[in-house]
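Descriptive structure summary
Here is what each chain is made of, one letter per residue.
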Amino acid sequence: MKMLINSTETVLAESLDGFAAAHTDILLLGAERKFVRRRALKPGKVALISGGGSGHEPLHAGYVGLGMLDAACPGQVFTSPTPDQMIEAAEAVDTGAGVLFIVKNYEGDRMNFTMAAEMAGREVATIVTDDDVAVENSTYTTGRRGVAGTLIVEKMVGAAAEIGTPLAALKVLGDDVNRRTRSMGVALLPCTVPAAGRPNFTLADDEMEMGVGIHGEPGRRRVPLAGADAIAEELLGAILKDLAPKRGSEVLLLVNGFGATPLIQLYLMVNSAKRILDGAGITATRFLTGSYVTALDMAGASVTVSVLDDRAKALWDAPVHTAALRWDA
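By convention here, each chain's residues receive numbers from 1 onward along its written sequence. Confidence filtering applies because this is a predicted model: local features only for residues at pLDDT of at least 70, side-chain atom pairs given and counted only at 80 or more, and all residues used for totals across whole chains, interfaces and linings. Side-chain measures here rest on the full set of heavy atoms in the structure, leaving out hydrogens and waters.

Some details on the packing of helix 4 (residues 149-162) against helix 5 (residues 167-179)
Put simply, the rule reads: Angles run from 0 to 180 degrees between N-to-C directions of axes, and those axes are lines fitted to C-alpha atoms, restricted for helices to the stretch in contact. Strands are runs of DSSP state E lasting at least two residues, helices are runs of H or I lasting at least four, and both sets are numbered from the N terminus onward. Angle categories are assigned with fixed cut-offs, so that under 35 degrees is roughly parallel, over 145 is roughly antiparallel, 65 to 115 is roughly perpendicular, and the rest are oblique. A clockwise turn of the near helix away from the far one marks a right-handed crossing, whereas an anticlockwise turn of less than a right angle marks a left-handed crossing. Whether two residues are in contact is decided by their heavy atoms: any pair within 4.5 Å suffices. Classes in brief: Ala, Val, Leu, Ile, Met, Phe, Trp, Tyr, Cys and Pro nonpolar; Asp, Glu, Lys and Arg charged; the others, Gly included, polar.
For the pair helix 4 and helix 5, the least separation of the axes is 9 Å and the interaxial angle reads 150°. Here helix 4 lies roughly antiparallel to helix 5, going by the angle between them. For the pair helix 4 and helix 5, the sense of crossing is right-handed. Residues Ile152, Val153, Met156, Val157, Ala160 and Ala161 of helix 4 form the contact with helix 5, whose own contacting residues are Leu170, Leu173, Gly174, Val177 and Asn178. A per-class count over the contact of helix 4 with helix 5 returns 9 nonpolar, 2 polar and no charged.

With respect to the nonpolar core
Note the following rule: We define a nonpolar core as any set of buried Ala, Val, Leu, Ile, Met, Phe, Trp, Tyr and Cys residues linked to one another through side-chain atoms lying within 4.5 Å. Exposure is judged per residue with a 1.4 Å probe applied to protein chains only, and the accessible area is read against the type maximum: over 50% gives exposed, under 20% gives buried, and values in between give partly exposed.
Counting 58 residues, the largest nonpolar core has Leu48, Leu100 and Leu151 as its most contacted members. Among the secondary structure elements, those contributing two or more residues to this core are helix 1 (11-22), strand 6 (99-104), strand 7 (124-129), helix 4, helix 5, strand 11 (250-257) and helix 8 (310-317). Of all the elements, helix 4 adds the most residues to this core, at 8 residues. Leaving out residues up to four positions away in the same chain, Leu100 has contacts with Val46, Ala47, Leu48, Ile49, Ala125, Thr126, Ile127, Val157, Leu167 and Leu170.

Concerning the pattern of salt bridges
Two side chains with opposite charge may pair up if their charged atoms get near one another. The criterion, for reference: One side-chain nitrogen of Lys or Arg within 4 Å of one carboxyl oxygen of Asp or Glu is enough to make a salt bridge.
Counting across every chain of the model gives 22 salt bridges. Residue Lys34 pairs with Asp84 through a salt bridge whose shortest N-O separation is 2.9 Å. Note that Lys34 is positioned in the loop between strand 1 (27-29) and strand 2 (36-38) and Asp84 in helix 2 (residues 83-93), a separation of 50 residues in sequence. Given a relative accessible area of 17%, Lys34 falls into the buried group.

In structure tokens, the structure reads:
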């Protein structure tokens, strides 16, 4: 497989160095590259920390900055960061109001973040994201996977933290946003882990994996390749059945690319998804389209729907300034 790398052993380190150099106005790289932290900390604000295996960029380091995370801990590709990374990140960004961990529901992530919370010697609360409706249990999880909905939790909780919301209330908010958010994805082509040098699963030219995970985990089933409208029907059908939003609801629609899907196709999926939502009497009033939670070079996309109320809309619309998301109020 052709890749823009020097060696498989140095991929993450060299990528982090480049990332920090490109965004020096926003963030700093911690000692030994154990974490990425917000350059300008806000005293008295709850510190938000997330992290996970690399390969999902811009998640999570791309969301460090004003209005989102205070630090992100990158593990090796598709591998959880270690507890010492979270502990050192907490020491670096806790300004006295406590620390909130935002953790995707994968066994390694949950185990290591739990150990870090117990060993941190400070007040720590945790939000676990599990928005994927595709399967109840998978290769890496007990229970549902945390996928693209994680960035919606990080954005809304980050906005609330920015205005001084205390730790306990942020935990309640994050759990509520997670409950109101559902996702499902489809893979058209597999991804390739640099150290392996070959695709981590196989798909025939006329096949797709419906409900794939962001590490290439199996989904609901392997099916014949279909058109965008049919794919959107299946993804939205599963999401809306599980989420059960009322007719007249307002939602945020996130169409997320997995790393190798061009925007022309993602916006086509937005069109298909919006038509389905309109038909169900549900109005998408907020949109985000692009590759925000990726799986290396996987081709495919996920759809996320998050039910909005007035507070959620205000938090989504609040200013954010990170490497991957930037807008004014």
